[in-house]
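A look at the structure
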Amino acid sequence: MQVVEQIGQDRISRQLLTLISNQRVGNAYILSGPLGSGKMSLALNFAAALNCKNPGTDHSPCNTCDSCRKIKRNSHPNIYFIFPSPAGKNPKEDDPFASLSEKEYGMVQDAIERLSEDPYRGIEVESATTILISMIRKLRKDLMLSAGEEGWQVVIIYRGDMLSGPSSNALLKILEEPPGKTVFLILTDKYNTLLPTIRSRCQNIPVNPPSVEEITQWLMDKHGVDQETAAYYAHFSNGDIRRVKEFLSADMDAESKKLKQFWHYLMRRDMTALTQWVEDSHKQFKMDKEAVRRTLRQILFWLRDAQLIREGGSPVHLIHTGFVEELTGFVAYFPAIDYLKMIRETERVIELTGKNVYFHALIGHLCLSLTEELAHARSGT
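Structural notes, computed from the coordinates.

Thresholds, definitions, all that
Residues numbered from 1 in each chain as written. Predicted model: local features only at pLDDT ≥ 70, side-chain atom pairs only at ≥ 80, totals over all residues. Heavy atoms only, no water. Salt bridge = Lys/Arg side-chain N within 4 Å of Asp/Glu carboxyl O. Helix = DSSP H or I, 4+ residues; strand = E, 2+ residues; numbered from the N terminus. Core = buried A, V, L, I, M, F, W, Y, C linked by side-chain atoms within 4.5 Å. Buried < 20%, exposed > 50% of the residue type's maximum accessible area, 1.4 Å probe, protein only. Phe/Tyr/Trp six-rings, centres within 6.5 Å; stacked < 30°, edge-to-face > 60°. Lys NZ or Arg CZ within 6 Å of the ring centre and 35° of its normal. Contact = heavy atoms within 4.5 Å. Polar contact = N/O pair within 3.5 Å; in protein donor to acceptor, adjacent residues only side chain to side chain. 1 Å grid on protein atoms, 1.4 Å probe; cavity = no way out; pocket = protein on both sides within 12 Å on 5 of 7 lines; lining within 4 Å. Points joined across faces, edges and corners; volume = space filled by probe spheres on them. Nonpolar A, V, L, I, M, F, W, Y, C, P; charged D, E, K, R; others polar. Pairing = 2+ DSSP bridges.

All chains considered together, the criterion is met by 18 salt bridges. The partner of Glu 5 in a salt bridge is Lys 245, and the shortest N-O contact between them spans 3.1 Å. Taken together, the residues span a long stretch of sequence, with Glu 5 in the segment before helix 1 (10-21) and Lys 245 in helix 10 (residues 241-249) at a distance of 240 residues. For Asp 240, the salt bridge goes to Arg 243, with nearest N and O atoms at 3.8 Å.

Okay, the nonpolar core next. Judged by nonpolar contacts, the single largest core of 67 residues is most densely connected at Ile 156 and Phe 184. For this core, the element with the most residues is helix 2 (residues 39-51), which contributes nine residues. Counting 39 residues, the second-largest nonpolar core is a separate cluster that includes Trp 263, Leu 266, Phe 334 and Cys 367.

As a further point, take the packing of aromatic side chains. Summed over the entire model, instances satisfying the criterion amount to 14 aromatic pairs. Pairing Tyr 233 with Phe 247 gives two aromatic rings, centres 5.3 Å apart and planes at 50°, and the pair type is tilted. In this pair, Tyr 233 sits in helix 9 (residues 227-237) while Phe 247 sits in helix 10, placing the two residues 14 residues apart along the sequence. We note that Tyr 233, like Phe 247, is buried. Ring centres 5.3 Å apart and planes at 55° place the aromatic pair Phe 330 and Phe 334 in the tilted group. Comparing Phe 330 with Phe 334 shows no difference in burial state: the two are buried. Aromatic rings pair up to connect Phe 262, Trp 263, Trp 277, Trp 302, Phe 323, Phe 330, Tyr 333 and Phe 334 into one cluster. For Arg 199, the ring lying beneath its charged end belongs to Tyr 191, and the centroid distance is 5.3 Å. Sitting over the ring of Phe 285, Lys 289 keeps its end group 5.2 Å from the ring centre.

The next subject is helix 9. For helix 9, the set of buried residues is Ala 230, Tyr 232, Tyr 233, Ala 234, Phe 236 and Ser 237. On its buried face, helix 9 sits against helix 8 (212-223), helix 10, helix 11 (252-268) and helix 13 (289-310). One side-chain oxygen of the residue at the start of helix 9 lies 3.3 Å from the amide nitrogen of Glu 228, identifying that residue as Asp 226.

A few words on empty space enclosed by the protein. Gaps left between atoms show up when a probe the size of a water molecule is rolled over them. Inspection of the entire model under this criterion finds one cavity of 30 Å³ or more. Estimates place the volume of the largest cavity at around 140 Å³. Looking at the lining of the largest cavity, the elements with two or more residues in it are helix 2 and strand 4 (182-188). The element contributing the most residues to the lining of the largest cavity is helix 2, with three residues. Per-class residue counts for the lining of the largest cavity are six nonpolar, six polar and four charged.

Of the two faces of strand 2 (residues 79-82), the one carrying Ile 79 and Phe 81 and the one carrying Tyr 80 and Ile 82 are both buried. As paired strands, strand 2 and strand 3 (residues 153-157) are joined by four bridges and run parallel to one another. Bridging from a neighbouring strand, Phe 81 pairs with Ile 156 of strand 3.

Set out below in C-alpha cells:
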C-alpha cells in the first residue's frame, strides 16, 4: 500500500520492502533518475514503511496509523528534508532559515506545503540553486538530539546534485559515522555530479521513468481520460509525471491548434506572423516558462512524427495522433527535409531554455533555422 501517490516503480518498491523484511536496510541510498520519475514518492513510501505501526506481511505501510498519516502530511518528527534553499543575508552557520527575509521564508514554506499536496513537485524553491552547508550542520545537530527515539530516522536529500562543495564534505562526515537506525536517501537526476566519496558510501538505485503503458493506465483509472488522449499525454511527457499533470490542467486542444498554425506560418514563410509568434512566445516565457517549453516539445514531436511517416512507420506509433493528415501532407510537400538537423536544433533550444540565455534571440533563431531548412527542402538546394 502507498502512503503517497506513486505511479509505476513496483519493482523498486518491492526491492525496498525486501530490505526491511530481511533486516538489511543500509545507511545510505542514492535514487538516481530523471525529474518527475517518482524518486520522492519512493523515498516517502519507504520512510512510511520503515516507521509504520501496523505494516502488512510484506512490510508495506498501512496508510492509516498515526505514523503514516504524519508522513503524508510531512509532519513526522523522524523525517528530515534537505533541499536547495536561498542563502539570505548574513546566514548563520547552523540555521539555514534564520537570515531569510519574510518573503524568502514564505517561499520555503510554500515549497514544503506543495510537497504534501503532490510529491512529484519535489521541494522547488524559486531561485534556490544550492544546498547550503548550514542545512547539513543543522541536520547533524538534529540527528544527535533525536538519537534513540523510536523508529527510523530518514533523511531525504532532494536534488543532491545541488550540494555545494562545503555541504558535500559536511554530509560526507555524517555518512562516515552515521547514527544508528538512520537511513539517507539522496535523490538526484545527475548521479555523476555527486562526489565520488559520497557515491562510494551509498548504494545506487536507478529509477527509470514510468512506462507509457503505466502512465496511460493511471490517467484512465485515476482521471477518467480516454485511452487515445491518455496515450498522447504519456508519450508527450517522456515519463515526467509533472508534465502529465500539467497537461490535465492545460487547454491542450488550444495548444494543438496553435501548433498547427505555427507550421502553416513556416510552410508559407509568413515572416510577419512568425515575428509575432516569437514576440508572443517571449512574453509568455516571462510568465510561464514551462508552457513555452511544452510548445517547443510539441514542435519537436511533430518533427519526429514526420520523420516516422517518411520512413514508413505506422500511424499508431505517432505522438500527434490527431494530426495524421496534416503530417502526411507535410512529409509529401517537403520530401528532402533533414529531420535530424531540425530535431537536434529544436532539442538544443529546449535545453537552453533552462539556462541563462536570452530567450527572444533563441526562439527567433529557431524559427529562422526551421524556415530556411523548409525552403531548402522545397527547392532541393
